Amino acid sequence: MSGLRVEELSVAYGGKVAVNGVSFTVAPGQTYGLVGESGCGKTTIGRAFGRQVARSGLITGGRIVVDDVDVLGLSPAALRRWRAEALAVVQQEASAALDPTMRIGTQLAQALRARGRDRAAARQEVPELLERVRLPDPAAIARRYPHQLSGGQQQRVVIAAALAARPRLLVLDEPTTGLDAAVEREILDLIGELRTELGAAVVLISHDLGLVGRLCDRVGVLYAGRLVEEGPAGKVLSDPAHPYPAALLASTPGLGRNRRTHPLTAIPGHPPAPGEQQDGCSFAPRCPLADDLCRSTVPTLSTAPDGSTAGLHLVRCHHPGQTAQAVSQPEPLPEPQSAASRSAESDRRPESAVSQPSPLPPDGGPLLEVRGLTRRYGKTVAVDGVDLVIRRGEVVGLVGESGSGKTTLARTVAGLGGRGPGTITLRGRPLHPSATRRAPEQRRAIQMVFQNPYSSLNPSHTIRTILTKAARSLGGPLDPAGLAHEAGLDAHVLDARPERLSGGQRQRAAIARAFAGVPDLVVCDEPVSALDVSVQAGVLRLLDDRQRASGTSYLFISHDLAVVGYLADRIAVMYRGQVVEQGPAEQVLHGPHHPYTAVLVGSHPPAPPGQGDGAGTGCRFAADCPSRVDGLCDTSVPPVRDLGQEHVVHCHLDPARLPHRAQGSTAP
Amino acid sequence: MRFLLRRLVAVPLTLLGVSVLVFVTTELVPGDVARTILGREASAESVARLRGQLGLERPLPARYADWLGGFVTGRWGESYTLRVPVRDLVLDRLSASMLLAALAFALLVPVAVTLGLVAGVNHDRPMDRLVSVTGLALGATPEFVTGVILLVVFAVRLRWFPASAKAPDGSSLLARLGHLALPAFSLVVLCTGYVARHVRAGAVTAIESPYASAAELRGLTRWQVVRRHVLRNSTISATSALGVQLQFLLGGLVTVELLFNHPGIGALLLSSAVDKDLPTLQATAMVLGLLYMLIVLAADVAFRLLDPRIRLGAAS
């Protein structure tokens, strides 16, 4: 049989089972998605394809067969030959997958030579490879070093290196994680095209259910190293038979999901670590359907009871198909006490603040006003004449690609940016650009939650000390236990240092710290982008709960539109230092909206990359705009179009011609 | 290029600061120079006369100006104790030191890089432990111990190399290098562990990096991955360690020079300090200061050549 066949694959780390008897097949030209939270074995399986498990790891059983080649049985030399001829792997984090000290051309030539080309042929083929991944000016790209390329360009180069082979098996491990929405879409389009071109079996590993749903024919859901559900992607990701994928879907924000209408449900707890397996179904401790049978007997993988005609649909559950109950249950179950030391990870929120769907916030007066703000770093203008108003009790989302000035704007509001023209006022009183020169009352009023919870908490203090210090300097009540409780942290976490906390717990601690002085505005810079989706849901709900309970305003930044759309009442879209659109969240996301916003939400294909630098006198987006009017957009500054309800778009297009999202395309 | 120019301009300015420090500290050391030169029995008059001859009665700034002007124009004075021109003395010793340092360095780099790579590629395995522990142990052993062992084994027993570092006058370069072999070996033994440790750290990072595993997944052998990707990336991190070692090899040797009777600049620095031979001490310190700065500069240049991220700046 051609294609990929995985039979009863098992992998262990130091004797602890990480992948447990996984089987699936992928026909040539088909795409198979592997999904699950981190720690469920996705990446371990990805590495097993090339027989490259970590050093403490060992493939303990099973077979991987690609076009009748038994990969696990190959001798070292034959394995190398097979890797060179038949395998292509695109790893996550393209920037790390390229040698920083070698030119792109040299690296690609080496990849080609590894696949058997001679020196001259390799050199000749490099520009062709770069063209195949749609990179403009291949000769120039080939001369560059990795750090001189953008993230999207780096990922294209990594894909190009993978294409140097004529792979029979293409493994994509989180190929778009960390990329901006528009760039992600370009990469996905590219992968889609190449997939048909190659006719290889493709395995896509991702935590992003929407992405898997768009690209894959079939999906396998991994939990604690086992497949818990397997079937056609459309079926599994819309109507799963197992409670785990159902819970994952319920914890994933999608475009069109707002906290006021569709609150997320976090999955309580976390997947068991390898070797931590107890009796029965491994999902039972987190499952609202679990009964004594689930806790005592491991369910088998058997045909799902839905009579699906689209292909084999398997599920490992004693109560398959009862997922509706699992998801509709609004309050996650408490943690089992057995895992006392780790129960602190619980991403359940405090009982006191139950979020119910509620109408839009009351129309508060302006809290913070930014006028004509400009910030330069050397020759680059990071923020260019930005006006922004944040009202009391309102969540303003800020979106845009990396380098658009979002973070600079946020840091400037928080008093951590540099100096420059423009004013910021809080309740009508001007704010000094530097937080240290602001009045104590103004410092209390504006707090910040950072992207990386690993570096934003002082590692030498306990959580109690961190919260006490914050409360003391911000003049809040000295009640670290109360702050921790409000942030959904267990009391015993208080005396731990940050290094002992999980990512979700650290971010909760950072949020508790921000709320220590009862702030008026909390600036959140990508607060959930480093977190797993189920943990992310818990933190988003915490932010929602705290906002409702305190009436605090947020300036919320994320590159993930679904996340912003979930939390925000209003959205501002930044492009190259300017706000090109702002308005009510739903209208901005749905349209009619700015052509750039259309590219971000994916209703419009992006223009071919890199045609201009936006340095012209007209619209910054002109060079990359799919609806560009030549002779107008590139030469004159676009007018401000008022679409009503304070929804403004900076664009030359007539409001009637502005793009909008097609009906029914709500992800995932 | 602009980087190099900027750094080259900084060298004389820094050296000016060094000159103040060198002059003031050497002039302020306790004890009377004239008394030291003439000895305990000398009469007060002769000591006073010598002080006058040496210009020691004049104010410090004036003496500093004279000394600095003399140093810049190449008039480095005469050694108080050896009665020879300081410049010839220092440059002579310096060239001897440079020859030994060059030989030791040329042996050190390949040995330390190879051992560091071997340890890094096999990290946390017995091979790594062996290399790391041996390197550490040898680095902690005083030079006179390893030096004496090398002398006994290779010079006395096996008679492969001469015991003295001093080659007869008029020897060929090869013969002179042969005389320097044993001191160079003892220096390699001393320094290898330190440099190898830096190379090892870089090699571990590189071999565990996604680009190395990606290369392996393209069908390259371990050895090919090491040669193409790990070697360069691990030497980057060892560059500054190599610079520090080169500084030490050039000016920091005393024991090895004394043990093998090698007339180097380290021993000169020590003897001139002990003898209060101020002109020699000052000139030696200045020359070494200049060399140290040039080595740091060379290490930075090498660093930039090896790492394009620094050379070409961040992404536009």
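What counts, and where the lines are drawn
- Residues numbered from 1 in each chain as written.
- Chains lettered and ligands numbered in written order.
- Predicted model: local features only at pLDDT ≥ 70, side-chain atom pairs only at ≥ 80, totals over all residues.
- Heavy atoms only, no water.
- Helix = DSSP H or I, 4+ residues; strand = E, 2+ residues; numbered from the N terminus.
- Buried < 20%, exposed > 50% of the residue type's maximum accessible area, 1.4 Å probe, protein only.
- Contact = heavy atoms within 4.5 Å.
- Disulfide = S-S within 2.5 Å.
- Polar contact = N/O pair within 3.5 Å; in protein donor to acceptor, adjacent residues only side chain to side chain.
- Pairing = 2+ DSSP bridges.
- Axes fitted to C-alpha atoms, helices over the stretch in contact; angles between N-to-C directions.
- Parallel < 35°, antiparallel > 145°, perpendicular 65-115°, else oblique.
- Left-handed = near helix turned anticlockwise from the far one by under 90°.
- Nonpolar A, V, L, I, M, F, W, Y, C, P; charged D, E, K, R; others polar.

Secondary structure assignment for chain B yields 14 helices and 0 strands. In sequence order, the secondary structure elements of chain B are arranged as α-α-α-α-α-α-α-α-α-α-α-α-α-α. Taking the principal axes of its C-alpha atoms as reference, chain B extends roughly 85 × 60 × 35 Å. When the 316 residues of chain B are sorted by exposure, 44% land in the buried category. In chain B, 72% of the contacts between residues at least 6 apart in sequence involve partners at least 24 apart.

Attention shifts here to the state of the cysteines. Residues and elements named next belong to chain A. Evaluated as defined, the whole model comprises 0 disulfides over all chains. The cysteine Cys317 is free of any disulfide, with Cys294 supplying the nearest cysteine sulfur at 6.2 Å. Judged by relative accessible area, which is 15%, Cys317 ranks as buried.

Residue and element names in this part refer to chain A. You can see Gln148 is positioned in the loop between α6 (138-143) and α7 (151-163). Between the C-alpha atom of Gln148 and that of Arg103, which follows or precedes it by 45 residues, the distance is 9.9 Å. Engagement of the side chain of Gln148 in a polar contact is seen with the backbone nitrogen of Tyr145, the distance being 2.8 Å.

With that settled, the discussion passes to the pairing of strand β13 (residues 366-377) of chain A. All names here are of chain A. Here β13 pairs with strand β14 (residues 380-391) via 8 bridges, running antiparallel. Paired with Val370 across the two strands is Leu388, which belongs to β14. A loop of 2 residues connects β13 with β14, the two strands running antiparallel in sequence, and Gly378 in this loop sits at a positive phi of about 60°. One ladder, built from 4 bridges, connects β13 with strand β16 (residues 423-426); its direction is antiparallel. Residue pairing in the sheet places Arg371 in a bridge with Thr423 of β16.

Residues and elements named next belong to chain A. Running from N to C, helix α18 (residues 503-514) and helix α19 (residues 533-550) point in directions that differ by 15°, and their axes come no closer than 10 Å. In terms of orientation, α18 and α19 fall into the roughly parallel class. Of the two possible hands of crossing, α18 and α19 adopt the one that is right-handed. Where α18 abuts α19, its residues Gly504, Gln507, Arg508 and Ile511 lie against Val535, Gly538, Val539, Leu542 and Leu543. Its residues assigned to classes, the contact of α18 with α19 shows 5 nonpolar, 3 polar and 1 charged.

Residue and element names in this part refer to chain A. Across the sheet, 4 strands lie side by side as β2-β1-β4-β5; this open sheet has antiparallel pairing. With partners counted over all chains shown, the strands left at the sheet margins are β2 (16-26) and β5 (69-70), one partner each. Here 8 bridges tie strand β1 (residues 4-13) to strand β4 (residues 57-66), and the two strands are oriented antiparallel to one another. Bridge pairing in β4 links Tyr13 to Gly57. With respect to the sheet, helix α1 (residues 42-49) is in contact with β1, β2 and β4, its orientation differing from that of β1 by roughly 115°.

All names here are of chain A. Spatial ordering of the open sheet is given by β18-β19-β20-β15-β21-β22-β24-β23, a layout of 8 strands whose pairing is mixed. Among the strands making up the open sheet, the edge pair consists of β18 (446-449) and β23 (640-642). Strand after strand, the sheet turns through a mean of 20° between neighbouring axes, direction not considered. Here strand β21 (residues 570-575) pairs with strand β22 (residues 578-584) via 6 bridges, running antiparallel. Opposite Tyr575, over in β22, you have Gln578 as the bridge partner. Those strands touched by α18 are β18 and β19 (521-525), and its axis lies near 175° from that of β18.

We now examine unusual backbone geometry. Trans is the prevailing form of peptide bonds, just as negative phi is the prevailing case for residues other than glycine. The backbone of Asp67(A) shows a phi angle near 50°, a positive value even though the residue is not glycine. By the element assignment, Asp67(A) lies in the loop between β4 and β5. Although it is not a glycine, Asn261(B) sits at a positive phi angle of roughly 55°. Tracing the backbone through its elements, the reader meets Asn261(B) in the loop between α11 (255-259) and α12 (265-274). Given the relative accessible area of 44%, Asn261(B) is considered partly exposed.

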